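# Structural overview
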Amino acid sequence: IKPVRRIYEQALKRVGESAENCLYIGDGGSDELAGAHSVGMETVLAEHFVVKDKARREKILLDADHVIDDFTKLLELV
């Protein structure tokens, strides 16, 4: 269950890629950005799904390398 580090490690193993070459995108709802960040993935907070309250957003931002509000902005990150 997110954000348990092991699930991210298993996903990386299954796709045969290192964390440094992966971009994890999420809305931060289940602390998945913290889990992805803990294994070394670059993280993107996608805010066009749901915008969190100020306190929750500030906590999520600790593990977000990037913030987007539109998926077209992903093109700038890859």
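The text that follows walks through the structure, step by step, so that each part is easy to find.

What counts, and at which threshold
Residues numbered from 1 in each chain as written. Predicted model: local features only at pLDDT ≥ 70, side-chain atom pairs only at ≥ 80, totals over all residues. Heavy atoms only, no water. Helix = DSSP H or I, 4+ residues; strand = E, 2+ residues; numbered from the N terminus. Rg over C-alpha atoms; globule rule 2.2 N^0.38 Å. Buried < 20%, exposed > 50% of the residue type's maximum accessible area, 1.4 Å probe, protein only. Contact = heavy atoms within 4.5 Å. Areas by Shrake-Rupley, 256 points an atom, 1.4 Å probe, with all protein chains shown as cover. Pairing = 2+ DSSP bridges. Right-handed = clockwise from strand over helix to strand, strands pointing away.

### A word on the overall build of the chain
Each helix and strand in the chain was counted, giving 3 helices and 3 strands. From first element to last, N terminus to C terminus, the chain shows the α and β order α-β-α-β-α-β. Taken over C-alpha atoms, the radius of gyration comes to 12 Å for the chain, in line with the 12 Å a tight globule of 78 residues would show. The dimensions of the chain, computed from C-alpha atoms along their principal axes, are 35 × 25 × 15 Å. Within the span of the chain, comprising 78 residues, buried residues form 28% of the whole. Considering only contacts in the chain between residues 6 or more positions apart, those separated by 24 or more positions represent 39%. As displayed, the chain offers around 5100 Å² of accessible surface, 54% of which is attributable to carbon and sulfur atoms.

### Looking at the pairing of strand 2 (residues 42-46)
Within a regular beta strand, the side chains point alternately toward one face of the sheet and then the other, so they alternate between its two faces. Here strand 2 lies mainly inside the structure; 4 of its 5 residues are buried. In the sheet, strand 1 (residues 23-26) pairs with strand 2 via 4 bridges, with the strands oriented parallel. Paired with Leu23 across the bridge in strand 2 is Glu42. Viewed along the sheet, the connection from strand 1 through helix 2 (residues 32-38) into strand 2 turns out right-handed. Note: strand 2 against strand 3 (residues 66-68), 3 bridges, orientation parallel. Of the residues in strand 3, the one forming a bridge with Ala46 is Ile68.

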